[in-house]
Amino acid sequence: MMSDERTRHELDQLKSGIVDLYTEEELGKKLDRFHREGKPMVVKAGFDPTSSDIHLGHTVLMNKMRQFQDLGHRVAYVVGDATAMIGDPTGRNKTRKVLTRDEILDHAKTYATQAFKILDPQKTEMVFNSTWLFKLDFMKLIDLASKYNVARMLEREDFKNRFKSGDSISVHEFLYPLAQGYDSVALKADVELGGTDQIFNLLVGRKLQSDYGQEPQVVMTVPLLVGLDGVQKMSKSYGNYIGVTEPADGMFAKVMSISDDLMWNYYELLTTVPVDEIAAMKNGIQNDTIHPRDCKVNLALFITARFHGEPAAREAKENFYREIPSNLAEYPVTLPDGGLALLDLIVQIGFTESKAEARRMIQQGGTYIDAQKVSDVALKITSKDSFVLKVGKKKIGRVNFS
RNA sequence: GGAGAGGUUCCCGAGUGGCUAAAGGGGGCAGACUGUAAAUCUGUUGUCGGAAGACUACGGAGGUUCGAAACCUCCCCUCUCCA
């Protein structure tokens, strides 16, 4: 039958790059039904509005969502404004900033504009889970909570670990998976996508849906992108991320800073370069016909071009190899009558947090004025001539005096 | 409610009343090396100060003492066992 063939083809496409899939049969059935009845599936994915930046890690997931859209399905893009209030309590000593309503809306908005670099806005519905979660009264909440038990909750990796090592787990944290699962009930989701770290929550959704008499959603996870440090997952809070709105130069440079090993991971998850080409590159490096650096340059070009276009990517590459980039950040500074201590200047333009840190930078030989190493900690600037200031390997800019 | 163990700098973790801005590790940063990579090595890692030095820090508030992260009191928080 025709529909079978089509289903199989689509299934293969959707399965590529997926880590977990529960279950393939169900997904096949849903696809079949779509082909028969024409009713698009609701593909759900949730996003935490605690920060407003989308980074490359998110794009792995979004590419998959886009794939569903291209096959005619609809994406329910859930802004977790209600669940954000539960938050992630691992950093207990840090008082987590409670976001105001406005901040969340703000984040959601900038988030969306970034997301639509990848997603099809026509086929995306942005929904806030407070819409239904805030309507749950106490009785309904109890009912929801009764659908799951503690032993199973403790199966979740991070709960299990914290329980074992004797760390605190607040009761309300148990509500997080339930709330997220309830989102699926409220949306009657057909499919939910998430990173592999979400697997537990996604499966709770399946369970809850059948408890509420719905057909359980298909659950699919995509691999987590490792951050620039090569160890932890890419995340804003670890500061090891590349944001999709970052300037081309920075994006290029950041990709270049990853390790050679990590490069292959990025090739697989972030580019459309076919596997056999990737294998060929690895081979070339093995027998010394290709320099790994060149492979990384191509990777950086690919990623940068995706968000900034080809020409900008090429320019970023040139800048990367130039001693001093052509489009330096400019720092206008007012020069006081008595002159300005270099230390103060460094702090003033935000290159270091404190003067002590700036002093260290100079003492350790990481500070340059117009490519001239600065050795005098007490250096005072008296002339209004502008110069290029470099502090450490990353902070560089032109200082203009007035 | 009862018994016990704890809360130390970004994180983990040591700390005898003065020699402790506080060992050690991790992480970060800088330098060397290199491919403006990784790995490795070295240094550095509270603030102000050119420096000498000063100031602020060991859950919170008081107290003892010439002197407290360390001793006492109360409070807050976490964990374990019992109920």
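All of the points below concern the structure found in this document. None of the values given here were measured: they were computed from a predicted structure. (Residues numbered from 1 in each chain as written. Chains lettered and ligands numbered in written order. Predicted model: local features only at pLDDT ≥ 70, side-chain atom pairs only at ≥ 80, totals over all residues. Heavy atoms only, no water.)

### Things to note about the overall build of chain A
Scanning chain A for helices and strands turns up 17 helices and 13 strands. Principal axes of the C-alpha set define a box for chain A whose edges measure 75 × 55 × 40 Å. The 402 residues of chain A split such that 44% are buried. Surface exposure of chain A reaches about 21,200 Å², of which carbon and sulfur atoms provide 53%. Between the centroid of the 52 positive side chains of chain A and the centroid of its 55 negative side chains there is a distance of 3 Å. (Helix = DSSP H or I, 4+ residues; strand = E, 2+ residues; numbered from the N terminus. Buried < 20%, exposed > 50% of the residue type's maximum accessible area, 1.4 Å probe, protein only. Areas by Shrake-Rupley, 256 points an atom, 1.4 Å probe, with all protein chains shown as cover. Lys, Arg positive; Asp, Glu negative; His and termini not counted. Charge placed at Lys NZ, Arg CZ, Asp CG, Glu CD.)

### Focus on the pattern of salt bridges
Following the criterion strictly, the structure yields 21 salt bridges and no others. Taking the shortest distance from any N to any O, the salt bridge between D190 and K30 comes out at 3.1 Å. Here the residue D190 occupies a position in the loop between α9 (175-187) and β5 (191-195), and K30 occupies one in helix α2 (residues 24-37), the gap between them amounting to 160 residues. Taking the shortest distance from any N to any O, the salt bridge between R162 and E173 comes out at 2.4 Å. (Salt bridge = Lys/Arg side-chain N within 4 Å of Asp/Glu carboxyl O.)

### Describing the protein's contact with RNA strand B
Near RNA strand B there are 31 residues, and of these G166, I258, F320, S354 and K355 occur at the shortest range. Separating a sugar or linking oxygen of RNA strand B from a backbone N or O atom of S257 is a distance of 3.1 Å. Take A356: an N or O atom from its main chain is 2.6 Å from a phosphate oxygen of RNA strand B. Of all the secondary structure elements, the ones that give two or more residues to the surface near RNA strand B are α14 (292-308), α15 (310-321) and α17 (355-363). For the surface near RNA strand B, the element with the most residues is α17, which contributes five residues. Residue composition of the surface near RNA strand B, grouped by class: nine nonpolar, twelve polar and ten charged. (Near = heavy atom within 4 Å. Polar contact = N/O pair within 3.5 Å; in protein donor to acceptor, adjacent residues only side chain to side chain. Nonpolar A, V, L, I, M, F, W, Y, C, P; charged D, E, K, R; others polar.)

### Overview of the sheet that holds strand β1 (residues 20-22)
Read across the open sheet, the six strands follow the order β1-β6-β5-β2-β3-β4; overall the sheet is mixed. At either end of the open sheet lies a strand with only one pairing partner, and these are β1 and β4 (124-128). With direction set aside, neighbouring strand axes in the sheet form an average angle of 20 degrees. Pairing of strand β2 (residues 42-47) with strand β3 (residues 74-79), which is carried by six bridges, proceeds in the parallel orientation. (Pairing = 2+ DSSP bridges. Axes fitted to C-alpha atoms, helices over the stretch in contact; angles between N-to-C directions.)

### Points about the pairing of strand β12 (residues 387-391)
As a general feature of sheets, a regular strand has side chains that alternate between the two faces. Among the five residues that make up β12, four are buried, leaving the element largely enclosed by the rest of the structure. Bridge analysis of strand β9 (residues 367-369) against β12 gives three bridges, and the strand direction is antiparallel. Opposite I369, over in β12, you have L389 as the bridge partner. The antiparallel hairpin formed by β12 and strand β13 (residues 395-401) contains three residues in its connecting segment, where G392 sits at a positive phi of about 70 degrees.

### Focus on the packing of helix α11 (residues 248-256) against α15
Relative to each other, α11 and α15 sit at 65 degrees, their axes nearing to 8 Å. Our pair here, α11 against α15, has a crossing hand that is right-handed. Contact residues: α11 offers A248, D249, F252, A253 and M256, while α15 offers A312, A313, A316, K317, N319, F320 and Y321. Taken together, the residues of the contact of α11 with α15 break down into nine nonpolar, one polar and two charged. (Left-handed = near helix turned anticlockwise from the far one by under 90°. Contact = heavy atoms within 4.5 Å.)

### Observations concerning the packing of aromatic side chains
Applying the stated criterion across every chain, the model contains ten aromatic pairs. Ring centres of F387 and F401 lie 5.7 Å apart, and the angle between their planes is 50 degrees; on these two criteria the pair is classed as tilted. Taken together, the residues F387 in strand β12 and F401 in strand β13 connect sequence positions 14 residues apart. The buried category is assigned to F387, whose relative accessible area is 6%. Through pairs of rings, three or more aromatic residues link up here, namely F47, Y77 and Y111. Looking at K254, its charged tip hangs above the ring of Y241, at a distance of 5.3 Å from the centre. (Phe/Tyr/Trp six-rings, centres within 6.5 Å; stacked < 30°, edge-to-face > 60°. Lys NZ or Arg CZ within 6 Å of the ring centre and 35° of its normal.)

### Things to note about the packing of α9 against helix α10 (residues 199-211)
Running from N to C, α9 and α10 point in directions that differ by 55 degrees, and their axes come no closer than 8 Å. In this view, α9 runs oblique relative to α10, as classed from their interaxial angle. Considering only the axes of α9 and α10, their crossing is right-handed. For the pair formed by α9 and α10, the contact residues are Y176, P177, L178, Q180, G181, Y182, S184 and V185 on the first element and F200, N201, L202, V204, G205, L208 and Q209 on the second. Tallied by class, the residues present in the contact of α9 with α10 amount to nine nonpolar, six polar and no charged. (Parallel < 35°, antiparallel > 145°, perpendicular 65-115°, else oblique.)

### Quick notes on the sheet that holds strand β10 (residues 372-373)
Taken in spatial order, the five strands make up an open sheet running β7-β13-β12-β9-β10, and their pairing is mixed. At either margin of the open sheet sits one strand with a lone partner, and together these are β7 (330-333) and β10. Strand direction decides the pairing type here: β9 and β10, joined by two bridges, are antiparallel. Of the residues in β10, the one forming a bridge with Y368 is K373.

### Quick word on the nonpolar core
Counting residues in each nonpolar core, the largest one holds 62 residues, and the members touching the most others are L27, M65, Y77 and Y266. A total of eight residues in this core trace back to one element, the largest contributor, which is α14. With sequence-adjacent residues up to four places away left out, L27 is seen in contact with L11, L14, L21, M41, F68, V191, V218 and M220. Counting 20 residues, the second-largest nonpolar core is a separate cluster that includes A76, W132, Y148 and M153. (Core = buried A, V, L, I, M, F, W, Y, C linked by side-chain atoms within 4.5 Å.)

### Some details on the environment of N129
By the element assignment, N129 lies in the loop between β4 and α5 (130-133). Classification of N129 as buried rests on a relative accessible area of 1%. Separated by 113 residues in sequence, N129 and I242 place their C-alpha atoms 27 Å apart. Apart from residues lying up to four places away in sequence, N129 is in contact with V78, V79, G80, D81, A82, T83 and D183.

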